[in-house]
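What follows is each chain in one-letter form.
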Amino acid sequence: ALPAAVGALCRALPPRARPAPDTLRRARFDRPQASPDFWRLLYALLKQIHGGKWTEADAIDNQIRFVKSALWYHGYGRPELYRLPSDGSAGSRELLLAFSWLLHRHSLLEQLLSRNRVKTGDETSVCTCEDDLPNNQEGTTKIAPEYGLEDRVDVRYLQWLNGRLRFQWRSLHAQHQEQCKLLHKIHLFTSGSHMDQILGHFSVTETDLVRQPESYKQLLQLMESETMQLEAFLEWKQLEPVYWQWMETVLDNMAEEGNMCKSQDTHVEKSKLPKTTSCCPWADSLTGQIDRLSRDLMTLHDQLHELVTRRKAAWCEKVKTREDELQKEGFSATARKIQESVELKLLDLTNLCAPKKNKMHGSCRLVFRRKHPASKTGFGRSVSKEPVSAVSATEVIRELQMRAASLERELNQLQEECRQRLGEIAEGLDRVICVSP
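As recorded in an unreviewed UniProt entry, the protein goes by the name TEDC1 protein, listed as coming from Nyctiprogne leucopyga.

## Description of the overall build of the protein
For the protein, the count of helices and strands is 16 helices and two strands. In the protein, which comprises 437 residues, the proportion classed as buried is 23%. In the protein, the proportion of contacts linking residues at least 24 apart, taken out of those at least 6 apart, comes to 69%. Within the structure as shown, the protein displays about 32300 Å² of accessible surface, and the carbon and sulfur contribution to it stands at 58%.

## Let's talk about the nonpolar core
Ranked by internal contacts, the top residues of the largest apolar core, which has 45 residues, are Leu24, Phe99 and Tyr243. Of all the elements in the fold, those that place two or more residues in this core are α1 (2–12), α2 (21–28), α3 (35–49), α4 (60–74), α6 (92–105), α7 (108–115) and α12 (216–279). For this core, the element with the most residues is α3, which contributes nine residues. Discounting chain neighbours no more than four positions away, the residues touching Phe99 are Leu9, Leu13, Phe38, Leu41, Leu42, Leu45, Leu108 and Tyr243.

## A word on the packing of aromatic side chains
In the structure shown here, the tally under the stated rule is eight aromatic pairs. Judged by centre distance (6.0 Å) and plane angle (25 degrees), the rings of Tyr157 and Trp160 are stacked. You can see Tyr157 and its partner Trp160 sitting in helix α10 (residues 155–189), three residues apart, about one turn around the helix. Taking relative accessible area as the criterion, Trp160 reaches 47% and is therefore assigned partly exposed. The interplanar angle of 70 degrees and the centroid separation of 5.4 Å between the aromatic rings of Trp236 and Tyr243 together place this pair among those described as edge-to-face.

## Side note on the pattern of salt bridges
For the coordinates displayed, the defined rule picks out 11 salt bridges. Close ionic contact of Arg26 with Asp37 constitutes a salt bridge, the shortest N to O distance being 3.8 Å. A residue pair is termed long-range when its members are at least 10 positions apart, and Arg26 in helix α2 and Asp37 in helix α3 qualify at 11 residues. Residue class for Arg26 comes out partly exposed when judged on its relative accessible area of 30%. Here Glu416 and Arg419 are joined by a salt bridge, their closest N and O atoms 3.4 Å apart.

## Here's the deal with the side chain of Gln229
With respect to the helices and strands, Gln229 occurs in helix α12. Look past the residues within four positions of Gln229 in its chain and what remains in contact with it is Arg11, Ala12, Leu13, Pro14, Pro15, Arg18 and Leu113.

## Some details on the packing of α3 against α7
Across the interface, α3 lies against α7 with an axial gap of 10 Å and an inter-helix angle of 60 degrees. Of the possible angle classes, the one that applies to α3 and α7 is oblique. Seen from above, α3 lies across α7 with left-handed handedness. On α7, the residues touching Leu45, Gln48 and Ile49 of α3 are Leu108, Gln111, Leu112 and Arg115. Within the contact of α3 with α7, the residues separate by chemical class into four nonpolar, two polar and one charged.

## Some words on the environment of Lys119
Structurally, Lys119 is set in the loop between α7 and β1 (123–127). Remark: the alpha-carbon pair of Lys119 and Leu219, spanning 100 residues in sequence, is separated by 9.8 Å.

## Topic: unusual backbone geometry
A positive phi angle, near 60 degrees, is found at Asp30, a position not held by glycine. Secondary-structure assignment places Asp30 in the loop between α2 and α3. We classify Asp30 as partly exposed; its relative accessible area is 34%. The phi dihedral of Ser107 falls on the positive side, at around 50 degrees, and the residue is not glycine. Judged by its relative accessible area of 33%, Ser107 is partly exposed.

## Quick look at α7
It helps to recall that an α-helix has 3.6 residues per turn; residues three or four apart then point in one direction. Where α7 is concerned, the buried positions are Leu108, Leu109, Leu112 and Leu113. The buried residues of α7 occupy an angular sector of 125 degrees when the element is viewed end-on, so they sit on one face.

## Here's the deal with the environment of Thr299
With respect to the element layout, Thr299 can be found in helix α13 (residues 283–329). Engagement of the side chain of Thr299 in a polar contact is seen with the backbone oxygen of Arg295, the distance being 3.0 Å.

## Description of the confidence of the model for the protein
Across the protein, the average pLDDT comes to 77, with 74% of residues at or above 70. Note that pLDDT drops below 50 for residues 132–150; the model gives that stretch six contacts with residues more than four away or on any other chain. In the predicted structure, residues 268–282 sits below a pLDDT of 50 and forms one contact with residues beyond four places in sequence or in another chain.

Conventions we followed
- Residues numbered from 1 in each chain as written.
- Predicted model: local features only at pLDDT ≥ 70, side-chain atom pairs only at ≥ 80, totals over all residues.
- Heavy atoms only, no water.
- Helix = DSSP H or I, 4+ residues; strand = E, 2+ residues; numbered from the N terminus.
- Buried < 20%, exposed > 50% of the residue type's maximum accessible area, 1.4 Å probe, protein only.
- Contact = heavy atoms within 4.5 Å.
- Areas by Shrake-Rupley, 256 points an atom, 1.4 Å probe, with all protein chains shown as cover.
- Core = buried A, V, L, I, M, F, W, Y, C linked by side-chain atoms within 4.5 Å.
- Phe/Tyr/Trp six-rings, centres within 6.5 Å; stacked < 30°, edge-to-face > 60°.
- Salt bridge = Lys/Arg side-chain N within 4 Å of Asp/Glu carboxyl O.
- Axes fitted to C-alpha atoms, helices over the stretch in contact; angles between N-to-C directions.
- Parallel < 35°, antiparallel > 145°, perpendicular 65-115°, else oblique.
- Left-handed = near helix turned anticlockwise from the far one by under 90°.
- Nonpolar A, V, L, I, M, F, W, Y, C, P; charged D, E, K, R; others polar.
- Arc of directions from axis to C-beta.
- Polar contact = N/O pair within 3.5 Å; in protein donor to acceptor, adjacent residues only side chain to side chain.
- pLDDT = per-residue confidence, 0-100.

Encoded structure:
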């Protein structure tokens, strides 16, 4: 069953990054011949996940550097992987563990199948999920001063980055608008030509096939390849427990080898000690000096611990006294901030108390709908009937506008807090006049 599971796993991977089943078997025994193949495999898979371009001619050290940084980004914390040499000459079993970790933790196959699937319709990404932005921003403001980022980063550089980001965002928005205009023209001109009464018009791919009928062979090959991948994925899901049982044996073997290495090192150290004491007549006196130094260090440690405890208690008492004074002074300011925060949250209370709807996330196909529902297609069928899972652009725009208004209120609150903070800092500067913009 194991060869079938490994074979199904390899066939479910993209064709350009598909390894040979023997690569996984050789990596199980930590064969150095499998290391370069595994580095290339992880490089190709991670490049596809991150949407980057890659070629097989890339240098092996660049591939290894990218794989290590990408795995660190995804949260892979096994230090043995990052100690592997940069020439790809060893570490195939560590790479097998990293590959299996990606397979289980980040749903590697599902991501690759979703990203590399053949797109036959006019699809776009829609996301109406709400992320927890205020918490993330609060955590960032708490972490930044600790590392002293305010002293090392030039404000002008941040302004330049902000301007560049705004320019790229506007360019992207303009390109997206142009794409929507072209899609609208294709949907409008081909309206009534599709046999599907729900769609009623051609997509870009279907329009290209009408204009260039000979290109259907390439599309057919791509769809056949995707079908084979999906069949291999279904086979893999049935045989997946066999693979994880095999990986448990790999981990057990690694643990046994690690224990053997530790026991050998301990045995070598124990065997060296008698030789050292017998060959060195001054070893006994040196051991006595070390013992006396250890006792002195322990005495100093106890004294320091007692001193630190007394100092800490005294500081805690001072801090508590100062906190009581600050609470009396800043009670009104704290109450005002709490009131503003409560008012901000009350503005979103209606949205929070509303019945929860299924938030959309992922790719959806763009379908043209006429304003008049009574319009007919060329086949005499009405296309006004919406599918069950359809969502209108007006609804998505309305939700995004509500989300934008909420974020704008959060931004205004943060800007006001920054102004107050800058005002407090400006009051402590001598011979400086600050003019608000």
